[in-house]
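Topology and contacts: notes
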Amino acid sequence: MTWVPPSPVVADGVSITGTGAGSGVVLDEVLLRALRAVQQAVCISDLSLQDEPVVWVNDAFTLTTGYLAAETVGRNCRFLQDGLSERGHDTTRPAARIRALLRERRSGTVVIPNRRRDGSVFLNELSLSPLTEPDGSVRYYVAVQRDVTARVEAQNARDNAHAEARALADELQRHLVPHRLPEVPWLDVAVRYQPATRPDGTRGEVSGDFYDLRTLPGGEVVAVIGDVSGRGPRAAAATAALRWAVRGAAGATSEPAALLSLVSDAVQDALDERFATVAALRLRRAATEATVALAGHPQLLLLPADGEPRFVGTPGTLLGPFPEVELHDAVVDLPPGSSLLLYTDGVTEAADASHRLLGEDGLLAAVAGLTSRRSDDVADAVLAAVARHVGEGPTDDLTLMVVSRRPG
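The structure contained in this document is the topic of the report that follows. Predicted, not measured: the structure shown is a model, and the values here were computed from it.

**Comments concerning the sheet that holds strand E5 (residues 108-115)**
- In spatial order, the strands read E4-E3-E7-E6-E5; together these 5 strands make up an open sheet with antiparallel pairing. Edge positions in the open sheet fall to strand E4 (54-57) and E5, since each of these has one partner strand only. The mean inter-strand angle of the sheet, taken between neighbouring strand axes irrespective of direction, is 30°.
- Where strand E3 (residues 41-46) meets strand E7 (residues 138-147), 6 bridges bridge the pair, whose relative direction is antiparallel. Bridge pairing in E7 links Cys-43 to Ala-143.

Next up, the structure:
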């Protein structure tokens with residue numbers, strides 16, 4: 001804003017001139033009327049005078065602060081913060097920001113607590129603008145003030161609500177998966193559980209992914225992995241119901257297709273309009289075979305001890321929308337030294353910046369060069385491939401479990 005001094009005038013009974021020690025602000029009558037008419041509080045300070053006092057205020061300043069012009073002119077605006085730090089208000093940091101703007105002759109906006117004449121406190125959004133003289137120097141600063149207490153309090157309330165929601169989501173997320181899996185001496189198991197992230201790297205809403213591994217009487221092991229559509233608390237509730245339905249059904253049968261059929265009946269109402277995909281796997285210590293059933297879930301990836309990785313399992317009906325489901329058991333050779341990878345679609349549907357998916361080919365490529373079939377090595381290779389593919393972009397919910405039969 002360039003300052004062009006017009007002829008001296010008298011306004012509001014105050015003589016205002018552009019020169020001389022202790023002078024006020026040079027304004028013409030139109031500008032004065034405009035400044036008086038605006039609804040925001042306006043004050044003007046003279047940086048050439050000792051303590052940089054206020055030399056003019058409008059009527060809105062009095063309405064906002066309660067201080068008359070005669071009580072304000074000649075004082076530095078810091079008097080509006082008197083006693084506030086002792087009452088627990090942070091005036092130090094915003095005051096330092098104001099001093100830096102004045103010292104550097106820059107414009108800027110600062111929110112600072114102020115005290116009204118009646119002692120009440122409000123949050124003042126102070127917009128500072130230097131007035132440049134024809135020679136390029138700055139003598140005067142215009143400060144436009146706005147009471148933003150309600151806005152800041154509303155924002156703080158929203159921030160607190162979001163923080164509580166995030167804490168609740170984290171708590172829900174922790175209860176969707178077991179704290180630890182049982183130790184199975186003849187199996188090597190690795191799990192990677194990664195909820196969705198946003199483009200800025202922050203956590204997304206609570207995911208619908210879950211996994212579990214149960215040891216049954218007689219030495220059988222049942223492993224499951226699943227994905228409920230959607231995110232948020234309702235998806236979490238449906239996921240929790242599904243996970244506990246799986247545990248209950250495992251007490252009735254270890255046959256994967258029959259187990260998932262029981263689960264489908266149990267969670268029909270809990271899923272409501274949502275759907276779920278689930279893969280179930282049964283292993284026996286005495287047998288070198290595994291039985292797999294898929295309820296709308298991606299096929300498992302078999303990594304034989306000798307031979308090329310390949311997808312296994314017979315596709316079946318997803319859970320939720322249909323009262324009747326068609327599910328099939330598939331028997332897979334799993335001799336010692338071989339592994340099965342169970343995963344959710346966050347792996348194969350991981351997208352790069354061009355929206356190109358990793359896909360099944362990318363998953364196969366991730367494990368193609370692996371000589372190790374150790375569960376952790378397989379899991380880390382898959383996660384690394386997903387990370388390379390998405391780069392700095394967001395990721396969807398991603399869960400994988402690798403089950404390896406130990407050699408010998």
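**Thoughts on the layout of surface pockets**
- Within this model, the largest pocket holds a volume of roughly 410 Å³.
- The wall of the largest pocket is formed by 21 residues, among which Asn-76, Cys-77, Arg-78, Ile-98 and Leu-102 lie closest to the centre.
- The set of elements that each furnish at least two residues to the lining of the largest pocket consists of helix H4 (92-104), E5, strand E6 (121-132) and E7.
- By residue number, the principal contributor to the lining of the largest pocket is H4, which donates 5 residues.
- Counted by class, the lining of the largest pocket contains 11 nonpolar, 6 polar and 4 charged residues.

**A few points about the sheet that holds strand E11 (residues 276-283)**
- Pairing is antiparallel across the open sheet formed by 5 strands, whose spatial order is E9-E10-E11-E12-E15. Of all the strands in the sheet, just strand E9 (209-215) and strand E15 (330-333) have a single pairing partner and so form its edges. Along the sheet, successive strands turn relative to each other by an average axial angle of 20°, direction set aside.
- As paired elements, E11 and strand E12 (residues 289-295) share 5 bridges and run antiparallel to each other. Across the sheet, the residue bridging to Arg-282 is Thr-291, located in E12.
- Helix H6 (residues 233-250) contacts E9, strand E10 (221-228) and E11 of the sheet and is inclined by roughly 15° relative to E9.
- Sitting on the sheet, helix H7 (residues 256-271) touches E10, E11 and E12, and the angle it makes with E12 is about 25°.

**So, unusual backbone geometry**
- At Asp-51, a position not held by glycine, the phi torsion is positive, near 70°.
- Locating Asp-51 in the fold gives a position in the loop between E3 and E4.
- A relative accessible area of 41% places Asp-51 in the partly exposed class.
- You will see that Glu-52, though not glycine, has its phi angle at about 50°, which is positive.
- Here Glu-52 lies in the loop between E3 and E4.
- Note on Glu-52: relative accessible area 28%, which makes it partly exposed.

Here is what the cut-offs are and how they apply
Residues numbered from 1 in each chain as written. Predicted model: local features only at pLDDT ≥ 70, side-chain atom pairs only at ≥ 80, totals over all residues. Heavy atoms only, no water. Pairing = 2+ DSSP bridges. Helix = DSSP H or I, 4+ residues; strand = E, 2+ residues; numbered from the N terminus. Axes fitted to C-alpha atoms, helices over the stretch in contact; angles between N-to-C directions. 1 Å grid on protein atoms, 1.4 Å probe; cavity = no way out; pocket = protein on both sides within 12 Å on 5 of 7 lines; lining within 4 Å. Points joined across faces, edges and corners; volume = space filled by probe spheres on them. Nonpolar A, V, L, I, M, F, W, Y, C, P; charged D, E, K, R; others polar. Contact = heavy atoms within 4.5 Å. Buried < 20%, exposed > 50% of the residue type's maximum accessible area, 1.4 Å probe, protein only.

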